[in-house]
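Remarks on the overall topology
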Amino acid sequence: MLERKSENEYIQLNLSKLKKYLILIPVGLWFTGILFSCHELSYEEINQSSEIDNFPDEISTGLHMVSTDSGIVNFELRGQIIETFYGKINKTYIKDGLEVVFYDKETHEIEAILSSFYGERDLTTGNMIVRDSVVVQNKDRNQRLFTQELIWKNDSIYTMKKVEIFTPEDYLQGFGLVADQGLNYFRILLPTGRRKMK
């Protein structure tokens, strides 16, 4: 009986030691896995995985830019959030709303106002694309243009998207438009409808 008891004690003692080692085995395997899965990255791998190019060179809010020629204001541009990228992209992105006020070259009065939720300005050419709820309103003629995308280049605006124009006399709609920036003269490229307002 004495021999049996000591054999049981021996087994119990060995089991408690074995439990300690059983806990250490998964921890050891985990550390071994981490050690062998790590490798040294080359400079090229680090540079390729870096997303630093996705960050703008400049970020600002509450932009108010005035463009003049010989002291005469051509237009004013206001934007909410502005991100500028130089180098390969060389563009300014205007987000969360923008407004461009065009001035008449002769009278220097406000000619038209363009507004949208988003814009991209090419810093090389000065051309601008505006998107999302684009509205151009001519103050003197009481005309309004509605579209989803508009390109503003030099003193002209154009689009190939659907357009709707409200004048005091007519409601016009179609696809594509070429106009001066003040919406004094315009042509709908593919008219699809016209309705008298009076």
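Below you will find a few notes about this structure. (Residues numbered from 1 in each chain as written. Predicted model: local features only at pLDDT ≥ 70, side-chain atom pairs only at ≥ 80, totals over all residues. Heavy atoms only, no water.)

Glancing now at the overall build of the protein. Counting its secondary structure elements, the protein contains 2 helices and 9 strands. Secondary structure elements of the protein occur, N-terminal to C-terminal, as α-α-β-β-β-β-β-β-β-β-β. In the protein, which comprises 198 residues, the share counted as buried stands at 28%. Counting contacts in the protein only where the partners sit at least 6 residues apart, residues at least 24 apart contribute 34% of the total. Accessible surface computed for the protein: about 14,000 Å², of which carbon and sulfur atoms make up 56%. (Helix = DSSP H or I, 4+ residues; strand = E, 2+ residues; numbered from the N terminus. Buried < 20%, exposed > 50% of the residue type's maximum accessible area, 1.4 Å probe, protein only. Contact = heavy atoms within 4.5 Å. Areas by Shrake-Rupley, 256 points an atom, 1.4 Å probe, with all protein chains shown as cover.)

What follows concerns the nonpolar core. Counting residues in each nonpolar core, the largest one holds 24 residues, and the members touching the most others are Leu98, Val100, Leu114, Val136, Leu145, Leu150 and Ile157. Excluding residues within four positions of it along the chain, Val136 makes contact with Ala112, Ile113, Leu114, Gln143, Arg144, Leu145, Leu150, Ile157, Gln181 and Leu183. (Core = buried A, V, L, I, M, F, W, Y, C linked by side-chain atoms within 4.5 Å.)

By the definition in use, this model includes 8 salt bridges. As a salt-bridge pair, Glu76 and Arg78 come within 3.4 Å of each other at their nearest N and O atoms. For Glu76, a relative accessible area of 13% corresponds to the buried category. Salt bridges sharing partners connect three or more residues here, namely Lys91, Glu120, Arg131 and Glu149. (Salt bridge = Lys/Arg side-chain N within 4 Å of Asp/Glu carboxyl O.)

Now for the sheet that holds strand β8 (residues 170-180). Hydrogen bonds between backbone atoms are what pair the strands of a sheet, whose relative direction is either parallel or antiparallel. Spatial strand order, β1-β2-β3-β4-β5-β6-β7-β8-β9: 9 strands in an open sheet with antiparallel pairing. The open sheet has two edge strands, β1 (58-69) and β9 (186-196), and neither has a second partner. Sheet twist, expressed as the mean angle between neighbouring strand axes with direction ignored, is 15°. Bridge count for β8 against β9 is 9 bridges, and the pairing is antiparallel. Each bridged residue has a counterpart across the sheet, and for Leu172 the counterpart in β9 is Arg194. (Pairing = 2+ DSSP bridges. Axes fitted to C-alpha atoms, helices over the stretch in contact; angles between N-to-C directions.)

All right, on to unusual backbone geometry then. The residue Asp132 is not glycine, and still its phi comes out positive at about 75°. As for its position among the elements, Asp132 is in strand β5 (residues 128-138). We classify Asp132 as partly exposed; its relative accessible area is 38%. Phi is positive for Asn154, close to 55°, though the residue is something other than glycine. Accessibility expressed as a relative area gives 61% for Asn154, which makes it exposed.

The next subject is the pairing of strand β2 (residues 72-85). Pairing of β1 with β2, which is carried by 11 bridges, proceeds in the antiparallel orientation. Paired with Ser67 across the bridge in β2 is Phe75. Counted between consecutive antiparallel strands, the loop separating β1 from β2 contains 2 residues, among which Ser70 sits at a positive phi close to 55°. Pairing of β2 with strand β3 (residues 91-103), which is carried by 10 bridges, proceeds in the antiparallel orientation. Its bridge partner lying in β3, Glu83 is registered against Tyr93.

Glancing now at the side chain of Glu149. Looking at the secondary structure, you find Glu149 in strand β6 (residues 143-153). A distance of 2.7 Å separates the side chain of Glu149 from the side chain of Arg131, its partner in a polar contact. With residues near it in sequence (within four places) discarded, Glu149 still touches Ile129, Val130, Arg131, Val134, Thr159 and Lys161. (Polar contact = N/O pair within 3.5 Å; in protein donor to acceptor, adjacent residues only side chain to side chain.)

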